[in-house]
Amino acid sequence: MEQKITLQNNKLNVPDNPVIPFIEGDGIGKDIWNAAQSVINIAVEKSYDGKRRIIWKEVLAGEKSFNINGSWLPEETMNAFREYLIGIKGPLTTPVGGGIRSLNVALRQELDLYVCLRPVRWFQGVISPVKEPQKVNMIIFRENTEDIYAGIEWMQGTEEARKFYKFLKDEMSVKKVRFPETSSFGIKPVSVEGTERLVRAAIRYAIDHQLPSVTIVHKGNIMKFTEGGFKTWSYALAEREFGDYIKSGKLIVKDVIADAFLQNTLLKPEDYSVIATLNLNGDYISDQLAAMVGGIGIAPGANINYQSGHAIFEATHGTAPDIAGKDIANPSSLLLSAVMMLEYMGWKEAARLVENVMEQTFKEGKATTDLARFMEQGHPLSTKEFAKELINKINNLPIG
């Protein structure tokens, strides 16, 4: 009998054998998925003495789906994520030409996955370009449905662009477009509701994990009604719903301009724990912080709707078709995204087990080539060898 994860009284109800849909992914997706899946299965079995097991259900999207049924993102796949609440995916190709602008964005928008969650921490043994990477330990809450992800744009030279400029000039008295005939236009919507649900999730996360601060990152000094509104509405929400935590000193809510924040993360990263920011800022921030701890190859990610319970965990890098099938791709991003999934499910013992054996392996200088080549006395492993190393370490641990 199928066991589904459900949401009851705003809490996830996770059975011992939940069905979890997965998308293998394009390019290196097959390589890294097989590796990650095998490690997660062993970690769950070891952590719970065989009493828990994930029932994996493959669903199609991307090139594999298009080649099989002519659709980049079948409705059956969307229905599976709706029905089973939690899923995981490898990297997907963005279709060229018309139709879906981005499969990843389509999934997020269709399920209203309004939080892009990007934790960033350093693993011992991984070479970093900064002197003290151990000070980098942040959780980024990036708004996932508004700002530039709304995709409202008009290309220069089109009738739509001309109409839009005419409206700006004639109806709104806008005179600051310097080259109207050759300008493309874009709109970034930022709402009170979108801001509040993101910041509420960030603050609750900080409280639940006993983290000291939430930092609102914005560019409100220039974009006063969108980014500035984000800052104002964030503070108002924090004061209204979490005032007792702030007054008691259990939580600090602060803000910083985006460009200053990027500088500060290099100079004093220890000052920040949970970050709440809009979509474009979050894109820059999450990738810079990932680079500070070793690169996007070990950067996990999740897209979550905390109200409905829906969540899709994913590798944050691309499909890397040039190395697909060569057994050299790094599965760490997908593995750590699966760790996030286990944490979200409440299976924290299995999550910690995977993290611990990964760090132990890195400390020994063992990793896929992209990481091992920078390690002192690094020992490069293939994708399969890396997974086998982790599995052997798990199997060799005492039970309990």
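That block above? That's the structure.
These notes cover the structure that comes with them. Since this is a predicted model, take the numbers as computed values, not measurements.

### Regarding the packing of aromatic side chains
Then, number 1: Evaluation of the coordinates by the stated rule reveals 15 aromatic pairs.
Then, number 2: When the centroid spacing of 5.1 Å and the interplanar angle of 85 degrees are considered together, the rings of Trp 33 and Trp 56 count as edge-to-face. On the criterion of sequence distance, the pair formed by Trp 33 in helix H1 (residues 29–47) and Trp 56 in strand E4 (residues 55–58) is long-range, its members being 23 residues apart.
Then, number 3: Pairing Phe 362 with Phe 386 gives two aromatic rings, centres 5.9 Å apart and planes at 20 degrees, and the pair type is stacked. Note that Phe 362 is positioned in helix H11 (residues 348–363) and Phe 386 in helix H13 (residues 383–395), a separation of 24 residues in sequence.
Then, number 4: Judged by relative accessible area, which is 1%, Phe 362 ranks as buried.

### Thoughts on the environment of Thr 182
Then, number 1: Tracing the chain through its elements places Thr 182 in the loop between helix H5 (159–170) and strand E9 (185–187).
Then, number 2: In the structure, Thr 182 is positioned 66 residues away from Ser 248 in sequence and 55 Å away in space, judged by C-alpha atoms.

### Looking at the sheet that holds E4
Picture the strands of a sheet paired through backbone hydrogen bonds; they go either parallel or antiparallel.
Then, number 1: A sheet is described by the order of its strands in space; here 10 strands give the open sequence E4-E3-E5-E14-E13-E6-E7-E12-E10-E11, paired in mixed fashion. The two strands at the open ends of the sheet, each matched to only one other strand, are E4 and strand E11 (252–257). Across this sheet, the average inter-strand angle for adjacent strands is 25 degrees, counted without regard to direction.
Then, number 2: As defined by bridge partners, strand E13 (residues 300–304) adjoins strand E14 (residues 311–315) across 5 bridges and the pair is classed as antiparallel. Bridging from a neighbouring strand, Pro 300 pairs with Ala 315 of E14.
Then, number 3: Here H1 sits on the sheet and contacts strand E3 (19–23), E4, strand E5 (86–89) and E14; the angle it forms with E4, its principal contact strand, is near 160 degrees.
Then, number 4: The strands touched by helix H6 (residues 192–208) are strand E6 (115–121), strand E7 (137–143), strand E10 (213–218), E11 and strand E12 (274–277); relative to E7, the strand with the most contacts, the crossing angle is about 160 degrees.

Conventions and cut-offs
Residues numbered from 1 in each chain as written. Predicted model: local features only at pLDDT ≥ 70, side-chain atom pairs only at ≥ 80, totals over all residues. Heavy atoms only, no water. Phe/Tyr/Trp six-rings, centres within 6.5 Å; stacked < 30°, edge-to-face > 60°. Helix = DSSP H or I, 4+ residues; strand = E, 2+ residues; numbered from the N terminus. Buried < 20%, exposed > 50% of the residue type's maximum accessible area, 1.4 Å probe, protein only. Pairing = 2+ DSSP bridges. Axes fitted to C-alpha atoms, helices over the stretch in contact; angles between N-to-C directions. Contact = heavy atoms within 4.5 Å.

Interpretation in functional terms is not warranted from these geometric data alone.
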